[in-house]
Amino acid sequence: MESKDLCAVERRGRVHLITITGAGDHRLNPALLAAIRSAVAASDGAGALVLAAEGKYFSNGFDQAWVRTAPPHLHATMDGGFRALVADLLALPVPTVAAVTGHAAAAGCALALAHDAVVMRGSRGFLYMSEVDAGIKIVDFFAELIREKVPDAAARRDLLLRGDKMTAAEAVRRGIVDAAVDGGVEDVVAAAVAEAERLAARGWDGEVVAEIRKAVWPKVWSKVKDHGAGPAAARPRL
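These figures come from a predicted structure and were not determined experimentally.

J.: Even after reading the chapter, I still don't get the side chain of Asp63, so can you show me in this structure?
T.: By the secondary structure assignment, Asp63 is in the loop between β4 (57-59) and α2 (64-69). The charged side chain of Asp63 is buried without a salt bridge, its nearest counter-charge being Arg27 at 5.4 Å.

J.: Please clarify how the layout of surface pockets should be interpreted in this entry.
T.: In this approach a probe as big as a water molecule rolls over the atoms, and the regions it shows empty are the leftover space. Computed from the structure, the largest pocket encloses a volume of approximately 400 Å³. What lines the largest pocket is a set of 23 residues, and nearest its centre among them are Phe62, Gln64, Ala106, Ser130 and Ile136. Those elements that place two or more of their residues in the lining of the largest pocket are α3 (76-91), β6 (103-105) and α5 (131-134).

J.: Sorry if this is basic, but what is going on with the sheet that holds strand β10 (residues 179-181) here?
T.: Within the open sheet, the six strands sit side by side as β1-β2-β3-β5-β7-β10. Their pairing is mixed. Each edge of the open sheet is held by one strand with a lone partner, namely β1 (7-12) and β10. The sheet shows a mean angle of 20 degrees between the axes of neighbouring strands, taken without regard to direction. Bridge analysis of strand β5 (residues 96-100) against strand β7 (residues 117-121) gives four bridges, and the strand direction is parallel. Residue pairing for β7: Val97 is matched across the bridge by Ala117. Packing against the sheet, helix α1 (residues 30-41) makes contact with β1, β2 (15-20) and β3 (48-53), and its axis sits at approximately 170 degrees to β2.

J.: Where do I start with the packing of α3 against helix α6 (residues 140-149) in this structure?
T.: The angle between the axes and the distance between the axes are what describe a pair of packed helices. Where α3 meets α6, the closest approach of the two axes is 11 Å, and the angle between their N-to-C directions is 30 degrees. Taken together, α3 and α6 sit at an angle that is classed as roughly parallel. Where α3 crosses over α6, the two elements pack in a sense that is left-handed. The residues of α6 that touch α3, namely those facing Asp79, Phe82, Arg83 and Val86, are Asp140, Phe141 and Phe142. Taken together, the residues of the contact of α3 with α6 break down into four nonpolar, no polar and three charged.

So, how was this worked out
Residues numbered from 1 in each chain as written. Predicted model: local features only at pLDDT ≥ 70, side-chain atom pairs only at ≥ 80, totals over all residues. Heavy atoms only, no water. Helix = DSSP H or I, 4+ residues; strand = E, 2+ residues; numbered from the N terminus. Buried < 20%, exposed > 50% of the residue type's maximum accessible area, 1.4 Å probe, protein only. Lys, Arg positive; Asp, Glu negative; His and termini not counted. Salt bridge = Lys/Arg side-chain N within 4 Å of Asp/Glu carboxyl O. 1 Å grid on protein atoms, 1.4 Å probe; cavity = no way out; pocket = protein on both sides within 12 Å on 5 of 7 lines; lining within 4 Å. Points joined across faces, edges and corners; volume = space filled by probe spheres on them. Pairing = 2+ DSSP bridges. Axes fitted to C-alpha atoms, helices over the stretch in contact; angles between N-to-C directions. Contact = heavy atoms within 4.5 Å. Parallel < 35°, antiparallel > 145°, perpendicular 65-115°, else oblique. Left-handed = near helix turned anticlockwise from the far one by under 90°. Nonpolar A, V, L, I, M, F, W, Y, C, P; charged D, E, K, R; others polar.

Structure (structure tokens):
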């Protein structure tokens, strides 16, 4: 499948909405990562960005089937592509909201948490860092991302060392996500778009937003900054 077929992009008011398409589990391989990065790069002129997904999954993490079939010298492209996507999101001069419409596991969970705000479906889906169950060492910037985005030490332990699958209600209670939304996928997307519109309406200077974000998550930024699209150009007020 061509990368352009993996994501749909639309504008809802001032919000640049990216939707990972299809009914699969949206595992992150180089093609999907490139498609999301391309869609993020196309957000120029928007006031805020929302990332959502169709189907049961937001993202089920890295594509281990791709790893098993790809030549070994290409394996680093998946890690590098994800680092680059996180760098793109951190450097983006607009507020970002993840609409976690279904399960978000491993790299999929990290992808959701890389946004400024997270809105999660209340009736289905969970956050799950599966590395301890799968016997996979955690990537360095994943650890920094969880450390900086999950405020409570016990919650970090339960995610990373116990492999707890956290529902939206539990994630809200622990301060990991911002809101749990009743209903289906479109209800979650609508809530995320509404939050993004609210942030866009603040009229912040986009360059300042990006620089504050990097300053707030300095250790994550230090580990991904050399992989992204480069410093964002100065932009007018949103």
